[in-house]
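Chain residues, written in single-letter form:
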Amino acid sequence: MEEIMEGWISFIKEIHNSEVGVYKVLTQFEGDLKVPKCFYSVPFSEENKLAGSIALECFDQARVYHLHECMSVAQIKQIARALGKIQASSVKYGVEKETSLDRDTWKEFWPRFRIEIYTQCVKQIKEVDVAVHESLEAVLPLVPLYFGTNLASTIHKQIGCGRVLVNGDHWSANVLFDQNGDLASIIDWQLSHLGVGVEDLLRISLSAMSSTDRRAHSSELIDEMYDSMEQHLGGAKAPYTREQLFEMYDLLFPHAAFFFAPVLTPIFVGTLLAAPNEEERLKRKEVVIDKIRGIYEDIVIYHEKNEKRRLNLKWK
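Conventions adopted
- Residues numbered from 1 in each chain as written.
- Predicted model: local features only at pLDDT ≥ 70, side-chain atom pairs only at ≥ 80, totals over all residues.
- Heavy atoms only, no water.
- UniProt positions renumbered as here; feature names shortened; annotations may be inferred.
- Helix = DSSP H or I, 4+ residues; strand = E, 2+ residues; numbered from the N terminus.
- Pairing = 2+ DSSP bridges.
- Buried < 20%, exposed > 50% of the residue type's maximum accessible area, 1.4 Å probe, protein only.
- Arc of directions from axis to C-beta.
- Contact = heavy atoms within 4.5 Å.
- Polar contact = N/O pair within 3.5 Å; in protein donor to acceptor, adjacent residues only side chain to side chain.
- Salt bridge = Lys/Arg side-chain N within 4 Å of Asp/Glu carboxyl O.
- 1 Å grid on protein atoms, 1.4 Å probe; cavity = no way out; pocket = protein on both sides within 12 Å on 5 of 7 lines; lining within 4 Å.
- Points joined across faces, edges and corners; volume = space filled by probe spheres on them.
- Nonpolar A, V, L, I, M, F, W, Y, C, P; charged D, E, K, R; others polar.

By the naming in an unreviewed UniProt entry, the protein chain goes by CHK kinase-like domain-containing protein and is assigned to Pristionchus mayeri.

Right under this line is the structure:
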């Protein structure tokens, strides 16, 4: 436990400093972006080991959507447009010159697990509901193949495209909505890095949408994000084509889903334990089981689809 806590403290300081650096970049972007204003920040250092801080704009009337809730398609489209605008701003700014953002968060993620522990994290959902057994059994043989993946960090080189600023932790709890249900802000930029914009779109889609909505509207969302980026580029060269963005969505789906998989069960169990009554517990369970089952089913579908492409991509 002492070793775990020491590692956690080191990680917290590292990602705090990362967020401090990201806000220094974000404040130089053009346009009204859906990110909090940063008033001041202090990084951790050898001289300042305990007093790292960051003061951000307060959204006291905002709400978040938890894993047991689903955002509407209209809300996800708002997010897609906001992401496209941020990506365009990062291109115009020349974000690829920011060496501090050129980090491989995927490569940093995997050493926190051994494959046996990771597999157990994925399998834990089996104890919660038999409704996921079939999809879980189908996806488990793919775990060794995708464990350790960092394709999202290298795909730009392998297919020949540019990069943009990626939030890196863009799931439902890191998006704020106002009282009218409109997007207020995208928060928590500690895992930001240079990557392809579809990373963030995949994370929010997997965590915030029902399986039915996600499957039915994925193409619209990709178009929405690309249209917004293209609209706000101001004459700058697009980092990738629309066709490349669609291709990367397919290619990265299993990778993004496996990246998200180990946190699904503990968050899910937490939402069930926090339910105020049995009726609410069953309601939450139905929503999350649908998301998890759909994610596992689609990992297999996209894996088989990508295998047929025969692109021979390297991801470890």
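**Here's the deal with the UniProt feature "transmembrane region" (unreviewed entry) in the protein chain**
In the numbering adopted here, UniProt assigns the feature "transmembrane region" (unreviewed entry) to residues 252-275. End-to-end, the C-alpha atoms of residues 252-275 are 34 Å apart, and along that stretch the chain is 92% helix and 0% strand.

**Quick notes on the pairing of strand S5 (residues 183-186)**
By the bridge criterion, three bridges tie strand S4 (residues 175-177) to S5 in an arrangement that is antiparallel. Looking at the pairing, Leu 176 lines up with Ser 185 of S5. Where S4 folds back on S5, the antiparallel hairpin that results is connected by five residues, among which Gly 181 adopts a positive phi of roughly 85°.

**What about helix H4 (residues 115-123)?**
Turning to H4, its buried residues number three or more, namely Tyr 118, Cys 121 and Val 122. Buried positions in H4, seen along its axis, are confined to an arc of 95° and lie on one side of it. Each element contacted by the buried residues of H4 is listed here: helix H5 (133-139), helix H6 (143-146), helix H10 (242-273) and helix H11 (278-309).

**Digging into the side chain of Ser 205**
Checked against the element boundaries, Ser 205 lands in helix H8 (residues 198-208). Of the polar contacts made by the side chain of Ser 205, one reaches the backbone oxygen of Leu 201; its length is 2.7 Å. Here Ser 205 is in contact with Arg 214 and Leu 221, once residues within four sequence places are set aside.

**A few points about the pattern of salt bridges**
This structure, assessed with the given rule, holds 25 salt bridges. Among the ionic pairs, Glu 278 bridges to Arg 281, the shortest N-O distance being 3.0 Å. Taken together, the residues span about one helical turn, with Glu 278 and Arg 281 both in helix H11 at a distance of three residues. A network of salt bridges, in which partner residues are shared, links Arg 214, Arg 215, Glu 297 and Asp 298.

**Regarding the layout of surface pockets**
Taken as a whole, the largest pocket encloses approximately 950 Å³ of empty space. Surrounding the largest pocket, 27 residues form its lining, Trp 8, Phe 11, Phe 109, Arg 112 and Val 263 being those nearest its centre. Within the residue set of the lining of the largest pocket, elements represented by two or more residues are helix H1 (2-26), helix H3 (105-109) and H10. In terms of residue count, H1 provides more of the lining of the largest pocket than any other element does, seven residues in total. When its residues are assigned to classes, the lining of the largest pocket shows 15 nonpolar, five polar and seven charged. When its volume is computed, the second largest pocket comes out at roughly 280 Å³. Surrounding the second largest pocket, 15 residues form its lining, Asp 32, Leu 33, Val 35, Pro 36 and Lys 37 being those nearest its centre. Per-class residue counts for the lining of the second largest pocket are nine nonpolar, two polar and four charged.

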